[in-house]
Amino acid sequence: MVRHLVANKVIVAAYAHPDDGEFLAAGTLARCVEEGNEVYAICVTNGDLGAKTLSKSSKELAQVRQNELIEAMKVIGGHPPIFLNCPDGFVRDHLEELKERLVYWFRKLKAELVITFDPWKMYEIHPDHIEVGRMASEAACFACFPLLYPNHMKEGLEPHQPAEVWYMSPFEHKANRLVNISTTMRKKIEAVLCHQSQVEMLADMFIPSADPRSLSSEDKSQLKEATENFLLMIAQGMGSLSNGKVELAEAFYAIKVGPGHFDNYQEMLQEAIGIPIDELEII
Ligand SMILES: [Zn+2]
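Computed from a prediction, not measured in an experiment: that's the story for all the values here.

Next up on the list: the overall build of the protein. The helix and strand tally for the protein stands at 10 helices and nine strands. Here the C-alpha atoms of the protein give a radius of gyration of 19 Å, agreeing with the 19 Å that 2.2 N^0.38 yields for 283 residues. With the principal axes as the frame, the protein shows a C-alpha extent of 55 × 45 × 35 Å. Taking the intrachain contacts of the protein between residues at least 6 apart in sequence as the baseline, contacts between residues at least 24 apart amount to 74%.

Written out as structure tokens, the structure is:
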């Protein structure tokens, strides 16, 4: 099934760190914008752990990374990012505040689609990714209850229930949404390259011989092209899930939101009794 992304809807991406969404969903977010949707990014932490050297203070690093996301969102065509300024690496210590803030923003923006981390992803070790995914999922399922955080109603907000949560990069889970990013791949690459501090920190992922703590001038001159090639390889890998229908893609596991739960009873029942579920939807 091939269809366009919904138009006139609000898509909210909830990230842990400023560069998370660019690596995993920027092509999709750019397509959402091109097809007439409003795109917002909520960045939960200030990213102040994201370095392998002491060349910048935590405060300086947080500022650099905030600016990188501001620039990346301009490339994608989304709204300026919303920063919640949780300390990087310590989201677990702020869960209640985080849930309240996410409910607040989902209500205020009237989020239709929430894109975030899969909190149940196998081998996910980063606590911020797990907790942001969990709190964003909870907030999506609980924002519809007016008795939850009633002070929001006094501020003029209304209860709101997003339609779906999409989990980014479901490597071990069968993806059920594959977004064709062939037309927005250039924007994805440009958006990722806005995060220069992280491209350098992850340099050995793109150039195996590179040492991110002391990049040689040769590494630096190759880094842009190597990053681009890496992103293309991942997008081609995701595209291969489509059996030749799509060249470059981002994959997601989408789940419908209900009041206080996910609306996935039919899928769970089908799985339990062995009826195949959810064909891959190519968008
Ligand atoms: Zn991250």
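Let us now look at the pairing of strand 5 (residues 164-168). Counted residue by residue, strand 5 has four buried out of five residues, so it is predominantly covered. Where strand 4 (residues 113-116) and strand 5 come together, four bridges link them in parallel fashion. Each bridged residue has a counterpart across the sheet, and for Ile-115 the counterpart in strand 5 is Trp-166. In this sheet, strand 7 (residues 249-258) lies alongside strand 5 in antiparallel orientation, the contact comprising five bridges. Considered in strand 7, the bridge of Trp-166 is made with Ala-254.

This brings us to unusual backbone geometry. Backbone geometry at Asn-85 places phi at a positive 60°, although glycine is not the residue there. The phi dihedral of Lys-110 is positive, around 55°, even though this residue is not glycine.

In this section: the pairing of strand 2 (residues 38-45). Most of strand 2 is tucked away, with seven of its eight residues classed as buried. As judged from the six bridges shared by strand 1 (residues 10-15) and strand 2, these two strands associate in the parallel manner. Among the inter-strand pairings, Val-10 is bridged to a residue of strand 2, identified as Glu-38. Where the polypeptide runs from strand 1 across helix 1 (residues 20-34) and back to strand 2, its parallel neighbour, the crossover connection is right-handed. After leaving strand 2, the chain enters helix 2 (residues 58-76) and then returns to the sheet as strand 3 (residues 82-86), a path that is right-handed.

On to helix 4 (residues 127-142). When the terminal C-alpha atoms of helix 4 are compared, their 22 Å separation across 16 residues agrees well with the 22 Å that a helix rising 1.5 Å per residue should span. Counted residue by residue, helix 4 has 13 buried out of 16 residues, so it is predominantly covered.

Moving on: the environment of Glu-218. Looking at the secondary structure, you find Glu-218 in helix 9 (residues 217-239). Residue Glu-218 is classed as exposed on the basis of its 11 C-beta neighbours within 10 Å. Once the C-alpha coordinates of Glu-218 and Asn-229 are considered, the two residues, 11 residues apart in sequence, prove to be 17 Å apart.

Taking 1.5 Å of rise per residue, the 19 residues of helix 2 would be expected to cover 27 Å, and the 27 Å separating its terminal C-alpha atoms lies within 8% of that figure. Taken as a whole, helix 2 has its buried residues at Leu-61, Ala-62, Arg-65, Glu-68, Leu-69, Ala-72, Met-73 and Ile-76. With its buried residues spanning 135° around the axis, helix 2 presents them on a single face. Exposed side of helix 2, more than 90 degrees from the buried face: Lys-59 and Glu-60 are the residues found there. The inward-facing, buried residues of helix 2 abut helix 1, strand 2, helix 6 (185-193) and helix 7 (196-201). Gly-77 sits one or two residues past helix 2 and shows a positive phi near 95°.

Turning to the packing of helix 1 against helix 6, a few remarks are in order. At their nearest, the axes of helix 1 and helix 6 sit 8 Å apart, and the two run at 140° to each other. The angle between helix 1 and helix 6 falls in the class oblique. At the point where helix 1 passes helix 6, the crossing takes the right-handed sense. Contact residues: Glu-22, Phe-23, Ala-26, Gly-27 and Ala-30 in helix 1; Met-185, Lys-187, Lys-188, Ala-191 and Val-192 in helix 6. Considering only residue class, the contact of helix 1 with helix 6 consists of six nonpolar, one polar and three charged.

What counts as what
Residues numbered from 1 in each chain as written. Predicted model: local features only at pLDDT ≥ 70, side-chain atom pairs only at ≥ 80, totals over all residues. Helix = DSSP H or I, 4+ residues; strand = E, 2+ residues; numbered from the N terminus. Rg over C-alpha atoms; globule rule 2.2 N^0.38 Å. Contact = placed C-beta atoms within 7 Å. Buried ≥ 20, exposed ≤ 12 C-beta atoms within 10 Å, placed from the backbone. Pairing = 2+ DSSP bridges. Right-handed = clockwise from strand over helix to strand, strands pointing away. Expected span 1.5 Å × (residues − 1). Arc of directions from axis to C-beta. Axes fitted to C-alpha atoms, helices over the stretch in contact; angles between N-to-C directions. Parallel < 35°, antiparallel > 145°, perpendicular 65-115°, else oblique. Left-handed = near helix turned anticlockwise from the far one by under 90°. Nonpolar A, V, L, I, M, F, W, Y, C, P; charged D, E, K, R; others polar.

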